[in-house]
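Listed below, chain by chain, are the residues.
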Amino acid sequence: MGFQISKRVKRLIVTFSTITLISLAAYILGWSSFLTVSEINIEGTKSTQVIMNKLRTNSIEPKVGSKLARVDTRAIQNTISQLDWISQVNISRNWVSKKISIEVVERIAVAKAINAQGSRINFDNTGTVFSPTSSTQLSMQNSLPQVSLPGGEKEELASVALLLEEIPSDLGYLVTNLESISVSKSGYIQMKTRINKTAVQINWGRAEEVKLKCSVLVALLGLPENQGIKQVDLSQPNAPIVS
């Protein structure tokens with residue numbers, strides 16, 4: 001009669017083996033030097049040090065040689081997402097190559113302004129206001145059209161941002177070819193841009209009913225007699241003026 005192991009002993013063996021494997025895995029992941037960060041790669045910006053300095057300030061900077069499992073990728077992503085000059089960020093951790101990859105997309109400015117505090121700010125094509133920070137963003141400041149604000153107050157900035165955000169993609173060239181924007185004390189927005197290589201000034205009025213005004217502009221531009229227009233007043237979309 002062969003030797004038989006009782007069910008209780010079998011359960012103890014399975015339990016012990018499971019605990020051992022879990023403990024071993026935890027040790028390898030969290031304490032062993034086997035899985036440590038071999039490389040940190042940041043793509044999408046030349047200003048990598050700005051990002052690393054921010055992570056260092058928040059005490060979440062990943063370092064070569066640190067435990068791979070202890071890198072808080074969620075905290076890193078949340079921190080970088082809070083940088084207003086970055087529009088997108090993605091963090092990944094590769095257990096095979098032991099690399100931490102950070103991919104970012106910088107905001108691309110379409111206009112600049114000076115706020116009430118005297119600080120330089122930019123607008124991207126969605127109307128988002130941000131502080132130019134990266135070397136790429138700073139290098140293009142001289143070529144950006146200026147947004148003229150009488151006081152640089154938040155309300156004025158918000159009205160320009162709203163206008164830029166609500167201009168549809170089929171009129172995106174208005175922003176791409178933007179030369180200047182000014183906001184009067186009454187909140188009326190004047191835009192100088194180019195349509196079919198022709199300089200055109202558009203009076204948007206207040207940043208209200210922007211979608212309706214855009215629809216009216218598209219209809220006006222579709223008329224043969226308006227091919228050479230130089231001024232459009234959309235302040236009252238139901239009674240536009242073209243000249």
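Anything mentioned here points back to the structure above.
The notes below deal with the structure included here. Everything quoted here is computed from the prediction, not taken from an experiment. (Residues numbered from 1 in each chain as written. Predicted model: local features only at pLDDT ≥ 70, side-chain atom pairs only at ≥ 80, totals over all residues. Heavy atoms only, no water.)

Here the focus is the nonpolar core. Ranked by size, the top nonpolar core spans 35 residues in total, and within it Phe-123, Met-191, Trp-204 and Leu-217 carry the most contacts. If you list the elements that add at least two residues to this core, you get strand E4 (109-114), strand E5 (120-124), helix H5 (154-166), helix H6 (173-176), strand E8 (180-183), strand E9 (189-195), strand E10 (198-205) and helix H7 (210-221). When residues in this core are grouped by element, the largest group, 6 residues, is from H7. With sequence-adjacent residues up to four places away left out, Leu-217 is seen in contact with Leu-171, Leu-174, Ile-202, Trp-204, Val-232 and Leu-234. Counting 21 residues, the second largest nonpolar core, distinct from the first, contains Met-52, Val-71, Ile-100 and Ile-102. (Core = buried A, V, L, I, M, F, W, Y, C linked by side-chain atoms within 4.5 Å. Buried < 20%, exposed > 50% of the residue type's maximum accessible area, 1.4 Å probe, protein only. Helix = DSSP H or I, 4+ residues; strand = E, 2+ residues; numbered from the N terminus. Contact = heavy atoms within 4.5 Å.)

Another aspect to go through is the sheet that holds strand E2 (residues 86-94). As summarised here, the arrangement of the 3 strands in space is E1-E3-E2, forming an open sheet in which the pairing is mixed. Every interior strand has two partners, whereas the edge strands, strand E1 (39-43) and E2, have only one. Across the sheet, the mean angle separating the axes of adjacent strands is 15° when strand polarity is ignored. As paired strands, E2 and strand E3 (residues 99-106) are joined by 8 bridges and run antiparallel to one another. Paired with Val-89 across the two strands is Val-104, which belongs to E3. (Pairing = 2+ DSSP bridges. Axes fitted to C-alpha atoms, helices over the stretch in contact; angles between N-to-C directions.)

Honestly, that's just the spatial picture; any functional story needs more than this.
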